[in-house]
Amino acid sequence: MACKSILVVDDDFQIREIFSQMLEILGHQYQYAADGLEAYHVLKNKEFDLVLCDIRMPEMDGLELIKEIEKINPDVPFIMVTGFSDEYTYDLVMKSGARDFIMKPFTIEELENKLNRIFKELCVSEENKSLLEKQIQLNKRLSALLTIAGELSSELDFERLFPLIVSRVTVAMDAERTSLYIIDGESGEIWTKVAQQVEEIRVPLGSGISGRVAESGKTINVTDAWELDYFDRKFDVKNNFRTRSVLCMPITNRSGESIAVIQVINRIDGGHFDDDDENLLKALSGQIAVALENSFLMEELQSSFEGFIRTLSAAVDARHRFTAGHSQRVTEYSRIIAEELGLDAGQLETIKYAALLHDIGKIGIRDAVLMKNGPFTPEEREEMNKHPAKTLSILKKFHFPKRLEQVPLVATYHHEKIDGSGYFEGLAGSEIPFGSRILAVADVFDALTSRRDYPKYTKDAILGHNPMPLAKAVTIMKEGAGSHFDQEVINAFLSCLPKILTLYRGAHFPLEYVDEMIASLQAG
Ligand SMILES: [Fe+2]
Ligand SMILES: [Fe+2]
């Protein structure tokens with residue numbers, strides 16, 4: 001039995017002497033207290049493995065002492081020492097919370113047996129306690145894992161998924177920091193983002209800890225990163241940070257390819273990442289892999305959907321040389337106006353697709369009408385004015401995802417006017433979807449400021465093929481507020497006009513056309 005520290009509490013000097021001789025032989029350290037009160041003060045300031053305590057003592061007896069000590073350190077085990085073998089004393093000792101008692105007089109063997117048994121029991125209970133703690137820790141981690149799995153699987157937007165992974169892993173792993181790197185096989189690099197709107201950080205495969213893990217597909221777990229000759233300390237030095245323990249693991253997809261690397265830095269308790277940590281991160285990596293793959297898939301789907309819509313929209317515009325790029329510009333103008341109005345991301349997305357597709361109904365307009373170089377006859381005008389209805393019938397056949405279900409209507413009503421005099425349904429005011437009111441402004445502004453295939457006439461002048469002078473176009477837009485256009489949308493349009501003009505300055509808008517206008521807007 002290893003040396004233990006024992007406090008002997010007895011008012012009888014001779015008993016204390018006997019204890020001291022025996023404990024010395026048994027190889028334990030000991031200290032005395034002459035009564036309960038003295039023992040209480042000693043125990044308040046010092047830890048002992050065990051207390052050998054007489055029951056009857058002046059000042060504070062053994063039973064009172066155990067009661068008081070219970071309040072400050074309930075774990076310290078007591079063996080009560082008594083000269084009375086009656087049932088009453090036995091009962092008192094057992095109820096006091098003492099682990100055992102020893103009858104005076106006793107032999108060294110008796111004392112040794114009692115001590116050995118108790119220390120063995122304590123040892124087992126200590127082991128049980130640490131097993132229990134481990135179990136609790138495991139349960140905590142398991143429930144964290146399940147929560148994270150649920151959260152990650154429901155997030156398909158990569159821009160939101162990325163920081164979500166980083167923050168959840170940091171907490172679950174009890175780490176100070178986490179980095180997630182995406183492997184870019186084409187460029188032979190891995191990249192990460194510290195924050196949104198911040199440029200990506202790129203590292204070549206094979207470089208540093210994460211680069212090595214990405215290249216080899218093997219986990220790296222180190223106690224102090226600074227001891228590795230390939231660890232780059234520049235980041236630490238620049239950010240006044242000290243990387244110590246690092247656990248870095250590849251994230252592999254279902255085909256076994258590494259798609260990312262997850263790196264947790266500095267266990268918050270100052271220790272290193274152990275086998276349990278590795279197992280937890282491995283389990284988390286499985287969830288991260290699924291979530292990342294789903295979000296990549298979603299991005300791919302989204303970009304092919306957008307690509308398809310943009311191609312379709314450009315194809316419609318390209319039927320006529322002067323309308324090429326029209327839907328693209330209407331989309332950009334609408335976006336700028338909608339942002340100015342503070343619309344949310346979902347509304348912006350609806351407006352984007354509606355703007356791209358608003359004139360798709362022109363597919364159904366005959367070339368002879370669509371490409372006519374001259375003013376329309378009333379019949380031709382009637383046919384041309386049917387294009388919003390055709391837009392609706394085409395878009396109704398599209399299968400838009402739920403979040404974009406308003407696109408067909410927003411696109412269709414771009415020729416409605418706020419006073420109800422527009423086409424094709426003659427909707428008025430709030431009957432017109434708000435998105436369509438934005439499209440109407442963007443659409444007319446682009447028509448006025450683009451080249452025409454036949455001269456435009458006004459009461460006082462022939463304007464020719466060239467775009468209408470900007471100042472005149474802006475006046476028309478302003479004058480249309482409240483009759484043709486929504487006043488709120490026109491106000492937003494006027495405030496972001498410099499932004500709209502700057503976007504196509506030197507491209508769709510000649511330099512001088514824009515600069516003159518911006519200067520006059522700035523002048524007041
Ligand atoms: Fe149109
Ligand atoms: Fe249009």
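Residues numbered from 1 in each chain as written. Chains lettered and ligands numbered in written order. Predicted model: local features only at pLDDT ≥ 70, side-chain atom pairs only at ≥ 80, totals over all residues. Heavy atoms only, no water.

Q: Help me understand the coordination of the iron ion (ligand 2), please; the structure alone is not making it clear to me.
A: Note on metal geometry: ideal angles are 109.5 degrees for four donors arranged tetrahedrally and 90 or 180 degrees for six donors arranged octahedrally. Protein coordination at the iron ion (ligand 2) comes from H326 (NE2), H358 (NE2), D359 (OD) and D443 (OD), with a distance range of 2.1 to 2.3 Å. Coordination at the iron ion (ligand 2) is irregular, judged from the four donor atoms that bind it and the angles of 78 to 172° they form at the metal. Motif for the iron ion (ligand 2), donor spacing along one chain: H-x31-H-D-x83-D. The metal-metal distance between the iron ion (ligand 2) and the iron ion (ligand 1) is 3.4 Å, with D359 coordinating both. You can see D359 sitting in the loop between α11 (345-357) and α12 (367-370) and its partner D443 sitting in helix α16 (residues 434-448), a full 84 residues away along the chain. Overall, the relative accessible area of 3% leaves D359 in the buried class. (Donors = N, O, S within 2.8 Å, 3.2 Å for Na, K, Ca; no water. Tetrahedral: all angles 85-135°; square planar, octahedral: opposite > 155°, others 65-115°. Helix = DSSP H or I, 4+ residues; strand = E, 2+ residues; numbered from the N terminus. Buried < 20%, exposed > 50% of the residue type's maximum accessible area, 1.4 Å probe, protein only.)

Q: Honestly, the sheet that holds strand β1 (residues 5-9) in this entry has me stumped. Any pointers?
A: Strand pairing in a sheet is mediated by backbone hydrogen bonds. Such pairs are either parallel or antiparallel. With parallel pairing, five strands are arranged side by side in an open sheet as β2-β1-β3-β4-β5. Edge positions in the open sheet fall to β2 (29-33) and β5 (100-103), since each of these has one partner strand only. Across the sheet, the mean angle from the axis of one strand to that of its neighbour is 20°, orientation sign disregarded. One ladder, built from four bridges, connects strand β4 (residues 78-82) with β5; its direction is parallel. If you follow M80 over to β5, its bridge partner there is F101. Across the sheet, helix α2 (residues 36-45) lies against β1, β2, β3 (50-54) and β4, angled at about 155° from β1, the strand it touches most. Sheet contacts for helix α5 (residues 108-153): β1, β3, β4 and β5; angle to β5, the most-contacted strand, approximately 175°. (Pairing = 2+ DSSP bridges. Axes fitted to C-alpha atoms, helices over the stretch in contact; angles between N-to-C directions. Contact = heavy atoms within 4.5 Å.)

Q: Where do I start with the pattern of salt bridges in this structure?
A: Tallied over the entire structure, the rule returns 34 salt bridges. Of the charged contacts, one joins D91 and K95 as a salt bridge, the two residues approaching to 3.1 Å between their closest N and O atoms. Placement of the pair is D91 and K95 together in helix α4 (residues 87-96), with a separation of four residues, close to one helical turn. Judged by its relative accessible area of 37%, D91 is partly exposed. Here K95 falls in the exposed class, since its relative accessible area comes to 68%. E151 is the partner of R168 in a salt bridge, and the nearest nitrogen-oxygen pair spans 2.7 Å. In this pair, R168 sits in helix α6 (residues 158-172) while E151 sits in helix α5, placing the two residues 17 residues apart along the sequence. The class for E151 is partly exposed, based on a relative accessible area of 24%. Salt bridges sharing common partners tie together R99, D100, K114, R117 and E121. (Salt bridge = Lys/Arg side-chain N within 4 Å of Asp/Glu carboxyl O.)

Q: What's the story with the domain arrangement of the protein chain in this structure? I'm lost.
A: Many authors give the size of an interface as the accessible area that is lost as the parts come together. As far as domains go, the protein chain holds domain 1 (5-126), domain 2 (155-295) and domain 3 (318-523). Spacing between the C-alpha centres of domain 2 and domain 3 amounts to 48 Å. (Domains from an automatic or database assignment.)

Q: Is there a simple way to think about the coordination of the iron ion (ligand 1) in this case?
A: Within the protein, the iron ion (ligand 1) binds to D359 (OD), H387 (NE2), H414 (NE2) and H415 (NE2); these donor distances fall in the range 2.2 to 2.3 Å. Around the iron ion (ligand 1), the four donor atoms sit at angles spanning 83 to 170°, and that spread fits a shape best called irregular. On the primary sequence, the residues serving as donors to the iron ion (ligand 1) are separated as D-x27-H-x26-H-H. Of the residues examined, H415 reaches a relative accessible area of 17% and is grouped as buried.

Q: Looking at this structure, how should I read helix α18 (residues 487-495)?
A: Given 3.6 residues per turn, any residue in an α-helix points the same way as the ones three and four places further on. Within α18 the residues assigned to the buried category are V489, I490, A492 and F493. Projection of α18 onto a plane perpendicular to its axis shows the buried side chains occupying an angular sector of 160°, all on one side. Tucked into the core, α18 has its buried residues touching α10 (326-340), α16, α17 (470-480) and α19 (497-503). The opening residue of α18, the one whose side-chain oxygen lies 2.8 Å from the backbone nitrogen of E488, is D486. (Arc of directions from axis to C-beta. Polar contact = N/O pair within 3.5 Å; in protein donor to acceptor, adjacent residues only side chain to side chain.)

Q: Could you clarify how one ought to interpret the side chain of S436 in this entry?
A: You can see S436 is positioned in helix α16. Beyond its immediate stretch of four places on either side in the chain, S436 contacts L409, V410, Y413 and H414.

Q: Could you clarify how one ought to interpret the environment of M94 in this entry?
A: Take M94: it is sitting in helix α4. The spacing of M94 and V8 is 86 residues in sequence and 19 Å in space, taken between C-alpha atoms.

Q: Is there a simple way to explain the environment of G422 in this structure?
A: Position of G422 relative to the elements: it lies in the loop between α15 (407-412) and α16. Residues within four places of G422 in sequence aside, it is in contact with H415, E416 and K417.

Q: Whenever I open this one, the packing of aromatic side chains confuses me. Can you help?
A: Enumeration according to the criterion identifies 19 aromatic pairs in this entry. The interplanar angle of 55° and the centroid separation of 5.1 Å between the aromatic rings of F305 and Y353 together place this pair among those described as tilted. Of the two residues, F305 sits in helix α9 (residues 275-317) while Y353 sits in helix α11, which places them 48 residues apart along the sequence. Overall, the relative accessible area of 1% leaves Y353 in the buried class. A network of ring pairs unites the aromatic residues Y333, F445, F493, Y504, F509 and Y513 as a single cluster. Its end group placed over the ring of F241, R177 keeps NZ or CZ at 3.8 Å from the ring centre. (Phe/Tyr/Trp six-rings, centres within 6.5 Å; stacked < 30°, edge-to-face > 60°. Lys NZ or Arg CZ within 6 Å of the ring centre and 35° of its normal.)

Q: Explanation requested: the packing of α10 against α16 in the structure shown.
A: Relative orientation and spacing of two packed helices are given, respectively, by the angle between their axes and the distance between those axes. Contact pair α10 / α16: the axes reach a minimum separation of 8 Å and the direction vectors enclose 130°. It follows that α10 is oblique to α16 by the angle criterion. When you trace α10 past α16, the crossing you get is right-handed. From α10, H326, R329, V330, Y333, S334, I337 and A338 reach across to α16, where they touch I438, L439, V441, A442, D443, F445 and D446. Here the contact of α10 with α16 is composed, by residue class, of nine nonpolar, two polar and three charged. (Parallel < 35°, antiparallel > 145°, perpendicular 65-115°, else oblique. Left-handed = near helix turned anticlockwise from the far one by under 90°. Nonpolar A, V, L, I, M, F, W, Y, C, P; charged D, E, K, R; others polar.)

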